[in-house]
Amino acid sequence: MAEADWDEVTYLRKKPQRAADAKTQKAINQAQRKGEDIDTTKKYSAASNKQRTAARDTAKLDRETEELHHERVSLTLGRALQQARMAKEWSQKDLATRINEKPQVVSDYESGRAIPNQQVISKLERAVGMKLRGKDIGQPLGPRSKK
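Summary of the structure given here. (Residues numbered from 1 in each chain as written. Predicted model: local features only at pLDDT ≥ 70, side-chain atom pairs only at ≥ 80, totals over all residues. Heavy atoms only, no water.)

Let's talk about helix 6 (residues 103-111)
- Turning to helix 6, its buried residues number three or more, namely Val-106, Ser-107, Asp-108, Tyr-109 and Glu-110.
- Downstream of helix 6 by a residue or two, Gly-112 has a phi angle that is positive, lying close to 85 degrees. (Buried < 20%, exposed > 50% of the residue type's maximum accessible area, 1.4 Å probe, protein only. Helix = DSSP H or I, 4+ residues; strand = E, 2+ residues; numbered from the N terminus.)

Structure follows, in structure tokens:
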């Protein structure tokens, strides 16, 4: 146990200087005393996560003249859907269950707030047995043609 001396500590290597430590005034003064090269640059707009300037965004907005909004279903579709549902004495929840959608979807289509989805409209047409698209909205759905 003679080779294990607890009073003596041996460092095998020194820790390398971190970048943050190199920026301190103390580190700069030591480098100047040693005669090392010191490079100082000022970074403009550093640490900002802006990729575009505000001027470009405002110019783009100024050029934009049209009003952007999503197309909604027509009220005639909503009324026809509601009348067909009421004729079958179904609640909105019953209809939604039959087409595997949420009751809110049926409510949105009946009130005209929904963004048209052709798959949902097709499911609604088959469930109530009435056309909800095209010129003949409200007409009974014809028999399926066989190919």
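Resuming the write-up.
Concerning the pattern of salt bridges
- Evaluation of the coordinates by the stated rule reveals five salt bridges.
- Between Lys-131 and Asp-136 there is a salt bridge, with the nearest N and O atoms lying 3.5 Å from each other.
- We classify Lys-131 as partly exposed; its relative accessible area is 28%. (Salt bridge = Lys/Arg side-chain N within 4 Å of Asp/Glu carboxyl O.)

Some thoughts on the side chain of Glu-110
- By secondary structure assignment, the location of Glu-110 is in helix 6.
- Polar contacts involving the side chain of Glu-110 include one to the side chain of Arg-85, which spans 2.5 Å. (Polar contact = N/O pair within 3.5 Å; in protein donor to acceptor, adjacent residues only side chain to side chain.)

Looking at the nonpolar core
- Among the nonpolar cores identified, the biggest contains 19 residues, and Leu-81, Leu-95, Tyr-109, Leu-124, Val-128 and Leu-132 are the most heavily contacted of them.
- Counting residues per element, the ones that place at least two in this core are helix 4 (75-87), helix 5 (92-98), helix 6 and helix 7 (118-128).
- Per element, the largest residue contribution to this core is five residues, and it comes from helix 7.
- Look past the residues within four positions of Leu-95 in its chain and what remains in contact with it is Leu-81, Arg-85, Trp-90, Val-106, Leu-124, Ala-127 and Val-128. (Core = buried A, V, L, I, M, F, W, Y, C linked by side-chain atoms within 4.5 Å. Contact = heavy atoms within 4.5 Å.)

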